[in-house]
Every structure is written in C-alpha cells, then in structure tokens.
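Here is how the chains run, residue by residue.
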Amino acid sequence: MSKVATKNYHAYSFDDFSLDLNRGCLLRGKQEVKLRPKVFEALRYLVENNNRLVTKAELIGAVWPNSFVTDDSLVQCLVELRRAFGDDAARLIKTVPRRGYIFAAHVEEKDLTAQPVAYTERVEQVTIVVHQEEQERQIEKSDLTQSPARSGAATSTEISTKAAVIGFTLLITAVVVVSLYLSRPPRLTDKDTVLIADFTNATGDEVFDGTLRHAMAVQLGQSPFLSIFSEERIRESLRYMERSPDQQVTRDVAREIAQRQGVKAVIAGSIATLGSHYVISLEAVNANTGDTLAREQVEAESREQVLRKLGEAASSFREELGESLSSIEKFDAPIEQATTPSLEALKAFYLGREQHYSGKYFAAIPLYKRAVELDPNFAIAYAALAITYGTAEEYETAANFSQKAFELRGRVSERERFYISARYYMDVWRDSDKTIEVQELWKQTYPRDFVPRTNLAVRYCAIGQFDKALEEARESIRLNPDAGVGYASLALCLMCLDRFDEARAAIKQAMARKLEPPNYRYVLYSVASLQGDAEAMQEQVDGAAGTPIEAGILATQSVTAASSGRLRNARELTSRAIDLNIRHGLREGASEYSAADALSEAAFGNCSEAKETAARTLAIARGRYALSWSALAVALCGESNQAQMLADEMVRRFPQDTFFKTYWLPMIRAAVEINRNNSAQAVQLLQTVGRGEMGTNAALWPAYVRGLAYLGQRDGNEAMVEFQKIIDHKGVLIPKDINPNAYSLYPLAHLGLARGAALAGDVARSRKAYEDFFALWKDADSGIPIHRQAKREYQKLE
C-alpha cells in the first residue's frame, strides 16, 4: 500500500552521490546503491564529519552506541562502503593507519521542507549476519500490532497466526542459508599454500603473457594469511620433474605441481576482449578434487585499466578464500601501487625476473632498467637493480638503486616495504642492527615467508651469533625446501662453526633436489681448501670457467695462494680476476680484488708492494671497499697521513655508512697508533670493535689488529687470546666485507700466538706455534719479510 506524506527532506550531496537520510539510502545520480543499515550509519557519520580525522573508537561509538563490537565489525563496514563507491573509494575515504578515517569529499547539505515523499510499507528481508546486527533485521513490531482502524481490527488469533507464519519462514530461510554455507567447498586456512597458474590470454596482446600472473602474485602476496608458491619454487619443481623451468604453467601443469608439492589450491585466470573492453576471470580450485573454492570476474573498460581491475578482483578473492576483512584492509595496497600502473613496465620487470631466476644476472639488468624508464616510480624494480648490481660486486651502484627504492617505499605493499628497507640498511647504511630489526619485524608479520629467515641467517652469522644464524637457516629451508638460497645460508652458518663436512652436505642436498644455491661454488671451493682437497678445489675452478663468477673464483684462488705464502701466484691470479672484471665493465669489483691484495701485502710486511697495490686499486675505482681496505693497508705500513686522507674521503662520500664508522675506521686509527708506538691508545680504540656475543667472534681483522696492539704493549697473554680467536674460527670467511682475505690471517695468527707466548714466557707453546706457522708456509716464496723475521725469532728461542 502506497501513501504520500509531507516530511522534512534532509540529504547530503558529494560528487555525483546523494545521501538521503529520510529514505536511508545512497544514490549515485538516480540509481540507488544498496547499503546495509550499519554501513549507511557509518557513511552518514563520516559525511557529517567530513574533512576531519574520525578515530576508529569514535566511529564504533557512533554506529554501535549500546553494543560491544570488535574492530572487525567496523572494518567490514568500511570494506563494503569502499566497494559501493567503486573507483571513487580511494579518493573519498582516506585511511590514516592505526588511527581512523577521513571522508575527503566536499559535502553540501540540503534541508528542504514540505516535499512530498512516497513510501511503501514493506517487510525487511531477513538475513543471517555474523556481527550483532540481528535486531536490525527483525520485522517491525508495528506490522503485528496495527490498530483496528488501519488493519481491519485484526484479532489476537490472526496476529498469532501471522507471527507463526513469519517465524516459520525465518526458520526455513536460516536452514537454507546454513545448508548452503555448510555445503560449499571448505575455504583455505593459514596453513595452506596456493599456486598461481599462467593466465590464458585470448586477447592476442603479448604484454599480458606472464605479466598478469606476476601481478596476481604480488597482489595476493601482500596477505599474511595466504602463502604463495613462489616463482622460484615453480621453476625448481619443473626442473625436478625433468621439464624446462621456462615452460608455461598451464592450469593442468599447475595442478600437477600442486599435487606433487602438497599445495592446497591452484588459481587460474584468463583475459579476453569484449569489444573494446577486457574481461578478466579468476578461479581458485582445490588441487586434489578440482572443486571451485572462489570465483571472480571483472570487466576493464580499457587496456590501461586491466591491472587496476585485476587488483580489485584479487582483493575480493582474498575474502572468498578465507582471509579476515581486517587483514585485507591492513594489507591491501592497490596493485598499481604495489607494482606499477604500466603494463609495459611490469612486462619488462617480469622478463628481468625470469633472467634473474635463471642465474643470468647481467641479462636481467637492461630489462630492469627498461622497467624504471617506463615507470620512474617503480620502486621494486629499483630494488631488483640493487640486487643484481650487488651480485655483480658493483656496490656503489647497488647502493644508489637501493636509495632510490627506499625513497619510493610509500608506493609499495607492506611485504615489499620490508624488502626494500632491508636492502637499504644493508646497501646504504651497512647497519646490521637496523637490518636485523627490519628482518625480524618482517618475520613476525609474514611468519611463513622464508626470505627474512634466509637473510637473518647471514646477518646473525656476520655478527658472530652462529647458533641463532643456524636456527634461522634451517627454518628457512623448512618453510621453502625448494629455494637454493636457504641451503647456501645453511652452508655458510656451518662453515662459521667449522663444521665443514656438514656445510658441503648442505650444498649437496640442494643439488640432489636439482637446485643451484647461489655462490655454491665458492662454498665448495672454500671447504675443499680448508680441508686441503686440491682435486675438489680444481673441480670448482673448472666449473666456474666462462661463467659470471669466474673472476670471483680466481680472486678466491688468489687468497688461498696468499694464505700459504705463495705471493707471486696470488698476484698473478688477482691480476687475471681484475682484467676479467674490467673487460665486463665491473670496475668496482676489480678494485675490490686489488684492495684485498693490498691488505695481504701489508700484513705480510711487503709495504712497498702494499702501497703500490693500494695506488693501483684507487686508480681503478674509489668505492667503499677500495677506500676502506686500502686505508687499513697503508695504515699498517705506517702511512698515517694517507690513511687519514682515505678515511676522510670515505666519511665524506658515504656519510650514512655505519659499518665503516664502527668497524673499519677504528681499525685504521688503531693501526696508525701502533706504528706510532702508542699501542695503549690502539687497544682503547678497538675496545668494542668486532666483538661477538657470548665469546663468539665473527670479525677476524679486528682481532688481528688488537693482537698486534697487545704485542706492542708487550702483553703476551692478551695477545694470545686475540690470535686464538682467529685460529678457533678458521671457517669464518664470509661475508667478505667483514673479513677480506681472511685465509691470510689464519697462518699469521699462529705467528702472533708464537710471539705472544714468547712474551708470556711460555717457550714450549711459542715454539709449537712457530712450527705450525712454518708448516702452513712450507711452500712460501722466499724473501717475504714476515717469514724471514719469524725464522730469526724462532732461532733465538732455541
């Protein structure tokens, strides 16, 4: 029955929307946008308080004044409201993280009287809701208690009958809804993993090939609830299945991988044209049964809108798959922010990742560069460039790209923000504490992500917390047994603990799974060298020939030769490594190899050669390693003015470099003081440098310089403590920024121990240590100053 009444007509308008308070509805133009009552109330409060921050607590109090509800109820309202606004949501409703919301539109209030308003008596549709809103869905009591004048004098029997009918209807509705809910396929839990197949591309436009799958992985990867079977794991699974890791991952191939790997669900997608529009379809299926778990379809009006529409579909998908609304709202950056709005830029980035995952780092660089040319705000592409240049040992270039990525970190997803921040603190600040802090927070936010675990293993190893490093490396492998980098980190940790057989076994375990851990040849070569296995060493040298790591293996061979006193051979190997890098345009890596040689020459007492090598180093490139290592080399040789000039240049050019200030700079100054016969000051400068926790020590150079200072003080016992640290941690060789040419320090530590024991009056121990040094240098070149001096000292003992 329809009636007409005269009422006050109160409404708000903003953009092309109207909020009609009398009818309780939202209109876009003349079309009504359906809203639940509580969603309407939330919108009304935001509109009435537009352009100011409305806190979450204030909004909950306004919408649920007499009820206790959790944040999830509010989040659900805001999610539904954003969907109602569609493309305008991000502009109209601004989220202030951890505080509240701002309705940012210009609002006009309308208050018109004596307006005829038509309304129809109606019965509300009753639905079952999760939160405490059942009262809003009940039939108005007035329908059952109308006066005789309006209802034809309904009797109490008629009222009871009507109530019974309505109650029975509600019961049937509830049973149907619950039955449908219980009969649907079970959704995912936070223990399940999903695998994304390649999209079926029916458009004929190659830009979508691979790109949409990557975009979907990034969008879903924001979720702490969902665990995405990574691209690396897909490639390794295909290799294990004796297929090309580059083959297309169709829906059927994806299900086969999922069944082999125990993955719960496969997400398949397609894109097709509809006139000038694009239709994007998504479906998640149970990998074992084929049952559909979720399905979405969206339409993009143009090619430029495809990524944004895919992102919206992916967000809805997350809710269908079982993720909470509060999690979705917190971790749901728009896809054009989490990646890039440019399809072409995303395509270039995707192709670069393919090369990167294949170990072709140099081939990935121009593709990543193309991505940032197409979109200068593509933050994660800058981070990828930082990684590839870091792998190529072009550290200053890597730091510049990390800086750029960090400046754009506000435009990425939460997971990528962790990734970019960690790279920034490693590449630019070189601050272990900040890096570890970011990685630990990353680990807590995304507990199923293996990446922070892998990185923490390396960082903890670098500061001497070896047991903690080992724990993180093993957890990394448990979380992702198909990522070679986890085994490489585990091998590194085991080497730091001098467990060489286990380190080799970790690499072999990865290779048995048809994985190639990064830098595995370095690990196997180092283990073979430490165990004196010349055949195994040569195997890795031969395997590296003609590959991007050939120069690095040559430099590692050089360190091995220098550690046995074969300096002529070491110089020749370093020269080959330098030439190879320069031919590839990698001048910073070349200068690093040269600077490491300068350090060895200085430590061996070849100061003329050390100074010449330092000069050649700085002529190649003046990067962080070249400056800091050359500065220590000339400081050990008594060139205090030159050492200070290089240190000043380092501070001036890299003012944020925490590692240099706290690690290398005190050593450089201490070496200067030792040569000035001011060993007490040197000891004071090195008081806290490179000391690990609980007696462990990952930093060999500070221990060595501190040992020299104690010898200068004629404190033999303290000197022996420092040199013994090096002998006890023979496997602490990497990271090389902490221990360049660490092999060379091992024989010198025996010599330092011999000298300390002699000062302490322990002749037997001193004699034994001298003999150990001579045994290690049995093949040494003749004429090395420190070797000749050691022989003279030994003769005096007898």
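See the structure shown above.
Before going into details, it helps to say that this report is about the structure given with it. All values derive from a computational prediction rather than experimental measurement. (Residues numbered from 1 in each chain as written. Predicted model: local features only at pLDDT ≥ 70, side-chain atom pairs only at ≥ 80, totals over all residues. Heavy atoms only, no water.)

**Observations concerning the pairing of strand E9 (residues 193-196)**
Residues Thr193 and Leu195 point to one face of E9 and Val194 and Ile196 to the other, with burial holding for every one of them. In the sheet, E9 pairs with strand E12 (residues 265-274) via 3 bridges, with the strands oriented parallel. Counted as the bridge partner of Leu195 is Val266 from E12. (Buried < 20%, exposed > 50% of the residue type's maximum accessible area, 1.4 Å probe, protein only. Helix = DSSP H or I, 4+ residues; strand = E, 2+ residues; numbered from the N terminus. Pairing = 2+ DSSP bridges.)

**A word on helix H15 (residues 361-374)**
Here H15 is 14 residues long and its end C-alpha atoms lie 20 Å apart, about the 20 Å a rise of 1.5 Å per residue gives. Here H15 has its buried residues at Ala364, Ile365, Tyr368, Ala371 and Val372. Angular distribution of buried residues about the axis of H15 spans 130°; they occupy a single face of the element. Check the buried side of H15 and you find it contacts helix H14 (343-357) and helix H16 (379-391). (Expected span 1.5 Å × (residues − 1). Arc of directions from axis to C-beta. Contact = heavy atoms within 4.5 Å.)

**Focus: the packing of helix H29 (residues 607-620) against helix H30 (residues 624-636)**
It is at 10 Å that the axes of H29 and H30 come closest, and there the two elements cross at 165°. The angle between the axes of H29 and H30 places the two elements in the roughly antiparallel class. H29 and H30 meet at a crossing whose hand is left-handed. From H29, Lys611, Ala614, Thr617 and Leu618 reach across to H30, where they touch Ala626, Leu627, Ser630 and Val634. Of the residues belonging to the contact of H29 with H30, the class tally is 5 nonpolar, 2 polar and 1 charged. (Axes fitted to C-alpha atoms, helices over the stretch in contact; angles between N-to-C directions. Parallel < 35°, antiparallel > 145°, perpendicular 65-115°, else oblique. Left-handed = near helix turned anticlockwise from the far one by under 90°. Nonpolar A, V, L, I, M, F, W, Y, C, P; charged D, E, K, R; others polar.)

**Considerations on the state of the cysteines**
According to the stated counting rule, one finds 2 disulfides in the structure shown. Between the sulfur of Cys461 and that of Cys496 lies a disulfide, 2.4 Å long from S to S. Taking the sign of the S-S torsion, about 135° here, the bridge from Cys461 to Cys496 comes out right-handed. On the criterion of sequence distance, the pair formed by Cys461 in helix H20 (residues 450-462) and Cys496 in helix H22 (residues 484-496) is long-range, its members being 35 residues apart. By the burial criterion, Cys461 is buried, and Cys496 matches it. Disulfide pairing places Cys607 opposite Cys637 at an S-S distance of 2.3 Å. On the sign convention where negative is left-handed, the bridge of Cys607 and Cys637, at about -90° about the S-S bond, is left-handed. Placement of Cys607 in helix H29 and of Cys637 in the loop between H30 and helix H31 (640-653) is noted, with a sequence separation of 30 residues between them. Of the residues examined, Cys607 reaches a relative accessible area of 22% and is grouped as partly exposed. (Disulfide = S-S within 2.5 Å.)

**Some remarks on a negative patch on the surface**
Together, Asp533, Glu535, Glu539 and Asp542 make up a negatively charged patch on the protein surface. Position of Glu539 among the secondary structure elements: in helix H25 (residues 534-544). (Patch = residues over 30% accessible without salt bridge, like charges linked within 9 Å, V, L, I, M, F, W, Y side chains within 5 Å. Areas by Shrake-Rupley, 256 points an atom, 1.4 Å probe, with all protein chains shown as cover. Salt bridge = Lys/Arg side-chain N within 4 Å of Asp/Glu carboxyl O. Lys, Arg positive; Asp, Glu negative; His and termini not counted. Charge placed at Lys NZ, Arg CZ, Asp CG, Glu CD.)

**A short note on helix H21 (residues 466-479)**
In a regular helix each residue adds 1.5 Å, so 14 residues correspond to 20 Å; H21 covers 20 Å between its end C-alpha atoms and thus fits that length. Where H21 is concerned, the buried positions are Phe466, Ala469, Leu470, Glu472, Ala473, Glu475, Ser476, Ile477 and Leu479. Buried residues along H21 sit against helix H9 (231-240), helix H19 (432-445), H20 and H22.

**A few points about unusual backbone geometry**
Positioned with a positive phi, Asp15 is a non-glycine residue whose angle comes to about 50°. By the element assignment, Asp15 lies in the loop between strand E1 (2-14) and strand E2 (17-20). The class for Asp15 is partly exposed, based on a relative accessible area of 45%. For Asn677, which is not glycine, the phi torsion reads 60° and is therefore positive. Positionally, Asn677 belongs in the loop between helix H32 (658-675) and helix H33 (679-685).

**What about the packing of helix H37 (residues 763-776) against helix H38 (residues 785-797)?**
Contact pair H37 / H38: the axes reach a minimum separation of 10 Å and the direction vectors enclose 150°. Remark: the crossing between H37 and H38 carries left-handed chirality. Contact residues: Val763, Ser766, Arg767, Tyr770, Glu771, Phe773 and Phe774 in H37; His787, Ala790, Lys791, Glu793, Tyr794 and Leu797 in H38. Of the residues belonging to the contact of H37 with H38, the class tally is 7 nonpolar, 2 polar and 4 charged.

**Focus: the pattern of salt bridges**
Scanning the entire structure with this criterion turns up 48 salt bridges. A salt bridge links Lys191 to Asp190; its shortest N-O distance comes to 3.2 Å. Of the charged contacts, one joins Glu440 and Lys443 as a salt bridge, the two residues approaching to 2.9 Å between their closest N and O atoms. Of the two residues, Glu440 and Lys443 are both situated in helix H19; the distance of 3 residues between them amounts to about one turn of the helix. As far as burial versus exposure is concerned, Glu440 and Lys443 are alike and both buried. A cluster of three or more residues bridged by salt bridges with shared partners is formed by Glu396, Arg622, Glu649 and Arg653.

**Notes on the packing of aromatic side chains**
Tallied over the entire structure, the rule returns 32 aromatic pairs. Between the aromatic rings of Tyr625 and Trp629, the centroid separation amounts to 4.9 Å while the plane-to-plane angle is 10°, which identifies the pairing as stacked. Of the two residues, Tyr625 and Trp629 both sit in helix H30, 4 residues apart, roughly one turn of that helix. Here Tyr625 matches Trp629 in class, with each residue buried. Put simply, the rings of Tyr395, Tyr625, Trp629, Phe659, Tyr663 and Trp664 pair up and form one aromatic cluster. Sitting over the face of the ring of Phe406, Arg409 holds its NZ or CZ atom 3.8 Å from the ring centroid. (Phe/Tyr/Trp six-rings, centres within 6.5 Å; stacked < 30°, edge-to-face > 60°. Lys NZ or Arg CZ within 6 Å of the ring centre and 35° of its normal.)

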